[in-house]
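Residue-level listing of the chains:
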Amino acid sequence: SFKVMDMDVSKDTTNELLTKQFKALAVKCHPDRPGGSNDKMSELNAAFKIAKENLTTAIDKLSETKRHKN
């Protein structure tokens, strides 16, 4: 989902940043735009929903991974 959103997750990633990225990509993917399509928009909508639902978990796993490397 973060890959579709073209985002890397860090401890500073917030829902606001996710929403901002979603809106920027929605402009490009929207079916009314050149190069956009219903399929691209559907994929983006699904990715955004999953990313928002799993943001905290992704940040926790990232932090846990960094702790184990040190």
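Please read these numbers as outputs of a predicted model, since none were measured by experiment.

(A) The environment of Gln21, seen in detail. Within the secondary structure, Gln21 sits in helix α1 (residues 15–29). A C-alpha to C-alpha distance of 9.2 Å links Gln21 and Phe48, two positions 27 residues apart in sequence. Those residues in contact with Gln21, other than ones at most four positions away along the chain, are Met5, Asp6 and Met7.

(B) Here's a closer look at the packing of aromatic side chains. Per the counting criterion, the structure on display carries one aromatic pair. Seen in terms of ring centroids, Phe22 and Phe48 are 4.2 Å apart; in terms of plane orientation they differ by 15°. Their pairing is stacked. Of the two residues, Phe22 is situated in helix α1 and Phe48 in helix α2 (residues 38–69); the sequence distance between them amounts to 26 residues. With respect to burial, Phe22 and Phe48 carry one shared label: buried.

(C) A look at the environment of Thr56. If you trace the backbone, Thr56 turns up in helix α2. Given the relative accessible area of 55%, Thr56 is considered exposed. Along the chain, Thr56 and Lys11 lie 45 residues apart, while their C-alpha atoms are 9.3 Å from each other.

(D) Broad picture of unusual backbone geometry. Phi is positive for Asp6, close to 55°, though the residue is something other than glycine. With respect to the helices and strands, Asp6 occurs in the segment before α1.

(E) Summary view of the pattern of salt bridges. By the definition in use, this model includes one salt bridge. Where Asp12 meets Lys11, a salt bridge forms, and the shortest distance between an N and an O atom there is 3.5 Å. Of the two residues examined, Asp12 and Lys11, each falls in the exposed class.

Reading guide: rules and limits
Residues numbered from 1 in each chain as written. Predicted model: local features only at pLDDT ≥ 70, side-chain atom pairs only at ≥ 80, totals over all residues. Heavy atoms only, no water. Helix = DSSP H or I, 4+ residues; strand = E, 2+ residues; numbered from the N terminus. Contact = heavy atoms within 4.5 Å. Phe/Tyr/Trp six-rings, centres within 6.5 Å; stacked < 30°, edge-to-face > 60°. Buried < 20%, exposed > 50% of the residue type's maximum accessible area, 1.4 Å probe, protein only. Salt bridge = Lys/Arg side-chain N within 4 Å of Asp/Glu carboxyl O.

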